[in-house]
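Working through the structure, step by step
One-letter residues, chain by chain:
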Amino acid sequence: MKIVSVVGARPQFIKAAAVSRVFLEFSEIDEKVVHTGQHFDAGMSDIFFDELGIPEPAARFDISGGTHGAMTGRMLMAMDELLSEHRPDLVLVYGDTNSTLAGALSAAKMHIPVAHVEAGLRSFNMKMPEEINRILTDNISRYLYCPTDQAVTNLTDERYDNRDCDILLTGDVMLDAMQGFSPLARKPDIDLPSKFALATVHRAENTDEPDRLAQIVSSLNNVQRETLPIVMPLHPRTRNAIASSNLDLEVTIIDPVGYLEMLWLLRSADLVLTDSGGLQKEAYFCGKPCITLRDETEWVELVEAGANFLTGAQGSEISKAAQLALELEFEPNLALFGGGNCAKRIAEHLTRGR
Ligand code: UDP
């Protein structure tokens, strides 16, 4: 079975690392990885290929920047060409980026079945580019691999059970990644206090709204002053937005780190503050409380479990949650996320289960 897997952004490299290494154990699968170039620099891309053993991409498009439409359009053109040449039996896409949508749309128009890893997630906020990408991708996918029960419920609520597609509860591939790569976790080369919070911010809804970004920066500064020091691997988009708004972020800022260093930071932190989808779950997998700097989350089971405080950008809410979160102790229920066998379930379904 010839599979073309499409990746382009940081979280997709991590997901692909977990899936591709399992695919290698299945002799029926011949996988080619395509890198669209959406994330391209050493810290956001190369390090993941180097450290996580992802197969060298069979093609790189080097498409990044520009408007969402322009980026997606250029990717579509490149995908059309690549798929006409390779004619795979299946195209596999991950998550909710422009690369996901371009890969899925090009394949669907050529009648090549699409498998969507992380299907069925919904924030119910159509202002998010990610929400648009994931809804459209689900609509044109043949195989919908859902990370959670909630994702399956979302699809059945939208009547996907009446369509010509397979919905499968596979569990969450990020748990596979964390379990697989944890033994390699590595301390970053920086001085760290014994107690600290780990923070990341990169969602457009936070970085592209100057008022909201200012609120988040001031909230993080408050937590740093009043509760505990914060270490923040800063996404390039956020760094630029902070600089153009002349904001003064008083936490310890470091460059984005590779996944192995991130795993070490996660394990060592006392608290996570983030707007990242992946990090919310990784915090939970490690038994760390998480403050989510968004107004809604796709990962509602974390909020229901009491491990995730959904605060938005409000300073008072964030300070209050930080105090509460530091008192919290919990055992993660990894079964909620499939226990770490997602990639194997996908490979078995593709080769034997269809
Ligand atoms: N991550 C990383 N280095 C960083 C920041 C994040 O390796 O400096 C990892 C993080 O642990 C998670 C993934 O990148 O596995 C999440 O990516 P991101 O937050 O960019 O996207 P999202 O999950 O929100 O789609």
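Each remark here, short or long, concerns the structure printed above.
Bear in mind the structure is a predicted one, so any value in this text is a computation, not a measurement.

1. A short note on the packing of helix 1 (residues 10-23) against helix 2 (residues 42-52)
A pair of packed helices is characterised by two quantities: the angle between their axes and the separation of those axes. Between helix 1 and helix 2, the shortest axis-to-axis distance is 9 Å and the interhelical angle comes to 10 degrees. One way to sum up the angle between helix 1 and helix 2 is to call them roughly parallel. Residues Arg10, Phe13, Ile14 and Ala17 of helix 1 lie in contact with helix 2, whose contacting residues are Met44, Ser45, Phe48, Phe49 and Leu52. Split into classes, the residues belonging to the contact of helix 1 with helix 2 amount to seven nonpolar, one polar and one charged.

2. What about the pairing of strand 11 (residues 271-274)?
Burial of the side chains of strand 11 extends over both faces: Leu271 and Leu273 are buried on one face and Val272 and Thr274 on the other. Bridge count between strand 8 (residues 197-200) and strand 11: four bridges; the pairing is parallel. The partner of Leu198 across the bridge, within strand 11, is Val272. Two elements, strand 11 and strand 12 (residues 290-292), share three bridges in a ladder whose sense is parallel. Residue Leu273 lies in a different strand from strand 12, and its bridge partner there is Ile291. Viewed along the sheet, the connection from strand 11 through helix 12 (residues 277-285) into strand 12 turns out right-handed.

3. Remarks on the packing of aromatic side chains
The tally for this structure, following the rule as stated, stands at seven aromatic pairs. Consider the rings of Phe181 and Tyr259, whose centres lie 6.1 Å apart with planes at 85 degrees: the pair is edge-to-face. Of this pair, Phe181 sits in helix 7 (residues 173-181) while Tyr259 sits in helix 11 (residues 259-268), placing them 78 residues apart in sequence. Tyr259 gets classed as buried once you look at its relative accessible area, which sits at 2%. One aromatic cluster is present, built from ring pairs that chain together Tyr284, Phe285, Trp299, Phe330 and Phe337. Positioned over the ring face of Tyr160 is Arg163, at 3.9 Å from the centre of the ring. Cation over ring: Lys187 sits above Trp264, and NZ or CZ is 5.6 Å from the ring centre.

4. Description of the sheet that holds strand 4 (residues 90-94)
If you trace the seven strands from one edge of the open sheet to the other, you get 3-2-1-4-5-6-7, paired in parallel fashion. Looking at the sheet topology across the chains shown, the edges are occupied by strand 3 (59-60) and strand 7 (166-169). By the bridge criterion, four bridges tie strand 4 to strand 5 (residues 114-117) in an arrangement that is parallel. When the bridges of strand 5 are listed, Tyr94 appears paired with Val117. Contacts from helix 3 (residues 68-86) reach strand 1 (2-7), strand 2 (30-35), strand 3 and strand 4, with the element oriented near 165 degrees to strand 1.

5. Quick word on the site of the ligand
Looking at the ligand, there are 18 residues lining it, with Val257, Ser276, Gly277, Gly278 and Glu282 nearest. At 3.5 Å from an oxygen atom of the ligand is found a side-chain nitrogen or oxygen belonging to His202. With four residues, the single largest contributor to the shell around the ligand is helix 12. A per-class count over the shell around the ligand returns 10 nonpolar, five polar and three charged.

6. Notes on the side chain of Ser141
Within the secondary structure, Ser141 is located in the loop between helix 5 (129-139) and strand 6 (143-146). Take Ser141: its relative accessible area is 6%, and that puts it in the buried class. At 2.7 Å, the side chain of Ser141 and the backbone oxygen of Thr137 are in polar contact. Setting aside its immediate chain neighbours within four residues, Ser141 contacts Val114, His116 and Cys165.

7. Overview of the packing of helix 9 (residues 210-226) against helix 14 (residues 315-327)
Where helix 9 meets helix 14, the axes come as close as 9 Å, and the angle between the chain directions of the two elements is 35 degrees. In this structure, helix 9 crosses over helix 14, and the sense of that crossing is right-handed. Residues Ser219, Asn222, Val223 and Glu226 of helix 9 form the contact with helix 14, whose own contacting residues are Gly315, Ile318, Ser319 and Ala322. For the contact of helix 9 with helix 14, the residue count by class is three nonpolar, four polar and one charged.

8. As for the nonpolar core
Core analysis: the largest hydrophobic core is formed by 67 residues, its most contacted members being Phe23, Leu52, Leu92, Phe181, Tyr259 and Leu350. Tallying contributions element by element places helix 1 first for this core, with eight residues. Once residues lying within four places of it in the same chain are set aside, the contact partners of Leu52 are Ile14, Ala17, Phe181, Tyr259 and Leu260. One finds Leu213, Val223, Leu273 and Ala325 within the second-largest nonpolar core, a separate group that totals 26 residues.

So, how was this worked out
- Residues numbered from 1 in each chain as written.
- Predicted model: local features only at pLDDT ≥ 70, side-chain atom pairs only at ≥ 80, totals over all residues.
- Heavy atoms only, no water.
- Axes fitted to C-alpha atoms, helices over the stretch in contact; angles between N-to-C directions.
- Helix = DSSP H or I, 4+ residues; strand = E, 2+ residues; numbered from the N terminus.
- Parallel < 35°, antiparallel > 145°, perpendicular 65-115°, else oblique.
- Contact = heavy atoms within 4.5 Å.
- Nonpolar A, V, L, I, M, F, W, Y, C, P; charged D, E, K, R; others polar.
- Buried < 20%, exposed > 50% of the residue type's maximum accessible area, 1.4 Å probe, protein only.
- Pairing = 2+ DSSP bridges.
- Right-handed = clockwise from strand over helix to strand, strands pointing away.
- Phe/Tyr/Trp six-rings, centres within 6.5 Å; stacked < 30°, edge-to-face > 60°.
- Lys NZ or Arg CZ within 6 Å of the ring centre and 35° of its normal.
- Near = heavy atom within 4 Å.
- Polar contact = N/O pair within 3.5 Å; in protein donor to acceptor, adjacent residues only side chain to side chain.
- Left-handed = near helix turned anticlockwise from the far one by under 90°.
- Core = buried A, V, L, I, M, F, W, Y, C linked by side-chain atoms within 4.5 Å.

From the geometry alone we can't say anything about function, so treat these as descriptive.
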